[in-house]
Amino acid sequence: MRALRITPDTTVTELDLPETDAHSPIRDHIATTGTVDQGVHHRRALLHIHSNGRAMGLAQNIAAWALASDWRGMALHPVHGPVVVTGRTQNGAVAALDDGLARHAHAVAQTVRETLAEWRTRPPASNQVALNELLAYAAWDVAPSS
């Protein structure tokens with residue numbers, strides 16, 4: 001079953017999860033033996049997030065945050081640590097991620113990577129300006145015409 005792993009350094013890795021009992025491999029890819037939170041930010045996708053990532057001091061995952069925020073249509077709370085993105089059935093079960101949503105994830109991660117590199121030489125005026133810039137780019141990346 002197709003899924004993606006997005007790490008805090010903006011790397012996106014294609015995963016092939018088992019059709020049954022995908023939860024254990026998802027925990028492995030998020031690097032936790034504990035609980036995994038499931039975020040429903042798109043009706044056809046689930047974001048599997050380390051439930052204790054922030055408290056453990058895991059790095060912010062700006063690419064996953066930008067993707068989830070765009071899919072949700074609003075700036076969300078920060079995401080910490082690696083994230084696994086899967087598809088979602090109509091009844092909320094884990095499913096294979098479709099090609100369109102996978103393209104969204106790859107495009108947003110690439111844009112975040114390029115933007116962070118640009119900010120090393122041209123820092124944003126404020127954190128709010130930075131957030132707004134990333135969300136605008138993410139919206140462009142997932143727009144139907146892109």
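Each remark here, short or long, concerns the structure printed above.
Below or above, wherever it landed, is the structure these notes cover. (Residues numbered from 1 in each chain as written. Predicted model: local features only at pLDDT ≥ 70, side-chain atom pairs only at ≥ 80, totals over all residues. Heavy atoms only, no water.)

**Digging into the pattern of salt bridges**
- Using the criterion set out here, one finds five salt bridges in the structure.
- Between arginine 2 and glutamate 14 there is a salt bridge, and its shortest N-O distance comes to 2.9 Å. In this pair, arginine 2 sits in strand 1 (residues 2-6) while glutamate 14 sits in strand 2 (residues 12-16), placing the two residues twelve residues apart along the sequence.
- For glutamate 118, the salt bridge is made with arginine 122, and the minimal N-O distance between the two is 2.8 Å.
- The partly exposed category is assigned to glutamate 118, whose relative accessible area is 37%.
- You can call arginine 122 partly exposed: its relative accessible area is 34%.
- Here the salt bridges share partners, and the residues they tie into one network are Arg2, Glu14 and Asp99. (Salt bridge = Lys/Arg side-chain N within 4 Å of Asp/Glu carboxyl O. Helix = DSSP H or I, 4+ residues; strand = E, 2+ residues; numbered from the N terminus. Buried < 20%, exposed > 50% of the residue type's maximum accessible area, 1.4 Å probe, protein only.)

**Quick word on helix 3 (residues 99-119)**
- For helix 3, which comprises 21 residues, the first-to-last C-alpha distance of 30 Å matches the rise-based estimate of 30 Å (1.5 Å per residue) to within 8%.
- Those residues of helix 3 lying buried are Leu101, Ala102, His104, Ala105, Val108, Ala109, Thr111, Val112, Thr115 and Trp119.
- Of the surrounding secondary structure, the elements contacted by the buried residues of helix 3 are strand 1, strand 2, strand 3 (36-42), strand 4 (45-50), helix 2 (62-72) and helix 4 (127-142).
- For helix 3, the N-terminal cap is aspartate 98; the gap from its side-chain oxygen to the backbone nitrogen of glycine 100 is 3.1 Å. (Expected span 1.5 Å × (residues − 1). Contact = heavy atoms within 4.5 Å. Polar contact = N/O pair within 3.5 Å; in protein donor to acceptor, adjacent residues only side chain to side chain.)

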